[in-house]
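# Examining the three-dimensional arrangement
Spelled out from the first residue to the last, the chains are:
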Amino acid sequence: STVVRERYHVAFLLPFSLARNDSSLAATELAPSGAQFYGPTRIAAQFYAGAQLALDSLAKQGLNAEVTVLDMGDDQRAWTNVLKNPKLENVDLFIGPFHRSAIEQLARGNSNSHIVCPVPQTNKVLLGNTNVSKVAPARSDLVKHAARYVALRHASDNVIMVRPEIPSDKEIQEQMLGTINAALAERAGRYRDSVLVVKAGRRDIGELISKLDKTRLNVIVAPSEDVEFVTTLVSKLKPLAEKNRIVVIGMESWLNMDPVASSDLDVLGFLFAAGSFADPADPRLQGFTRVYRERFKTDVDEYALLGFDVTYYYLRALLSQGASFTQHFDLVRTEPLHMGFRMGRTGPENGFRNEHGIMLQQKDLQLVKAP
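Let me sum up the structure you'll find in this document. Quick caveat, the model's predicted, so the values are computed rather than measured.

Among the structural elements, D264 can be located in helix α8 (residues 262–267). Among the residues examined, D264 registers a relative accessible area of 16% and is labelled buried. In this structure the side chain of D264 is engaged in a polar contact, spanning 3.1 Å, whose partner is the side chain of K238. Leave out the neighbours within four places in its chain, and D264 touches V234 and K238.

Quick look at the structure:
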């Protein structure tokens, strides 16, 4: 049963690292602007600025929260002292810390509080810590998201997975293959019962060309982060895109591979799953940016958006579901600015991870949300 209280205690444990900055800067109010700050300081300041706008918005919806903000610094000596601070007694929700060992230390001493890790971190931080959530999806979660998308959107098309013999890709290949086949099995009107797999090498794409279908859309799934193979695949497929309808499902890392030209990815209708996407055309994002600039006199970056989305989601969960909200994640409804939340767990002894991805497509040298 859901017990919603009148008032909650929320603590932000962020790596402001004020001691690392010039003392005259630290003495002024911490504005998120300016590169004169130490890196983690800027990240923490942007994150907290976004969080403040979420807190304002939720206060209007009736959230009554006591908010504690502490500087975790960025090394173990600093945060061990911070975690002993008496202000942290009876906290319902911790947002932060950012470091894995700080989260583990906090989780051990605060089993009745929920702890949110807001920045990318290995899934190992969840092992044995039932009261921890991780909001940045892991690579495996994004691979599975792309696989489900393929089965949902392209079951009746010619889906081919290219599988080069590359040890470092083996894990993502297996995740992709298993998830696509399981999802295809549930699709009516599918062209094949399972995805067609083609073996390849780093410098050749094997029998792929002979498996293309002139009459159908060819959906080529390539879960690889190997620069040499991806370069080969893109360069060999590009000339075939004139006579065949082709889309390629790959990985976000392709965008940062020097030999792979964005214009070539355009031609191949390149798609991938990402953990977040700030769409400049979204009117809500434009409104947020306006308010943020007026208040903080600086531009919005990804950490400001993260601060807003994470704070809004978890405090909305507290407001609507009470302190036992982790049992009711499926009932928490929010419209985040740049990410989504689909919280799941592997086993009751572990914490929660975000399995939500956003499919993006390269189009006219820009990224857009895939249809």
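Read on for the rest.
It is worth spelling out empty space enclosed by the protein at this point. Within the structure shown, the criterion is met by two cavities of 30 Å³ or more. Computed from the structure, the largest cavity encloses a volume of approximately 40 Å³. In terms of residue class, the lining of the largest cavity is built from six nonpolar, one polar and two charged. Volume-wise, the second largest cavity comes out at about 30 Å³. Together, L13, P15, M72, G73, P97, F98 and H99 line the second largest cavity. Per-class residue counts for the lining of the second largest cavity are five nonpolar, two polar and no charged.

Before going further, it helps to spend a moment on the nonpolar core. Among the nonpolar cores identified, the biggest contains 55 residues, and L208, V221, L233 and W254 are the most heavily contacted of them. Residue contributions to this core peak at seven residues, all from helix α5 (residues 139–154). Beyond its immediate stretch of four places on either side in the chain, V221 contacts V150, V159, I160, M161, V162, M176, I180 and I249. In terms of nonpolar packing, the next biggest core, distinct from the first, is built from 45 residues, F98, V310, Y312 and F341 among them.

Attention now goes to the layout of surface pockets. Quantified by volume, the largest pocket comes out at close to 620 Å³. If you go around the largest pocket, you meet 24 residues; those closest to its centre are P120, G275, S276, E302 and H338. Elements supplying a minimum of two residues to the lining of the largest pocket: α5 and α10 (302–321). Per-element accounting of the lining of the largest pocket gives the leading share, four residues, to α10. Looking at side-chain class alone, the lining of the largest pocket contains 14 nonpolar, six polar and four charged residues.

The geometry of an aromatic ring pair is captured by the separation of the ring centres together with the interplanar angle, meaning the angle of the planes. Tallied over the entire structure, the rule returns 17 aromatic pairs. Measuring from ring centre to ring centre gives 5.4 Å for F12 and Y48, while their planes differ by 70°; the resulting arrangement is edge-to-face. Taken together, the positions of F12 in strand β1 (residues 8–14) and Y48 in helix α2 (residues 39–60) put the pair 36 residues apart, joining distant regions of the chain. As far as the burial class goes, F12 and Y48 line up, both buried. On the basis of an interplanar angle of 5° and a centroid distance of 5.1 Å, the ring pair of W254 and F270 is categorised as stacked. With a gap of 16 residues between them, W254 in the loop between β9 (246–249) and α8 and F270 in the loop between α8 and β10 (271–274) connect regions that are remote in the sequence. A residue is classified by how much of its surface remains accessible, and F270, at 0% relative accessible area, is buried. Each member of the aromatic cluster is reached from another via a ring pair, and the members are Y313, Y314, F325, F329, F341 and F352. When the ring centre of Y191 is taken as reference, the NZ or CZ atom of R216 above it lies at 3.6 Å.

Each value, and the rule that gives it
Residues numbered from 1 in each chain as written. Predicted model: local features only at pLDDT ≥ 70, side-chain atom pairs only at ≥ 80, totals over all residues. Heavy atoms only, no water. Helix = DSSP H or I, 4+ residues; strand = E, 2+ residues; numbered from the N terminus. Buried < 20%, exposed > 50% of the residue type's maximum accessible area, 1.4 Å probe, protein only. Polar contact = N/O pair within 3.5 Å; in protein donor to acceptor, adjacent residues only side chain to side chain. Contact = heavy atoms within 4.5 Å. 1 Å grid on protein atoms, 1.4 Å probe; cavity = no way out; pocket = protein on both sides within 12 Å on 5 of 7 lines; lining within 4 Å. Points joined across faces, edges and corners; volume = space filled by probe spheres on them. Nonpolar A, V, L, I, M, F, W, Y, C, P; charged D, E, K, R; others polar. Core = buried A, V, L, I, M, F, W, Y, C linked by side-chain atoms within 4.5 Å. Phe/Tyr/Trp six-rings, centres within 6.5 Å; stacked < 30°, edge-to-face > 60°. Lys NZ or Arg CZ within 6 Å of the ring centre and 35° of its normal.

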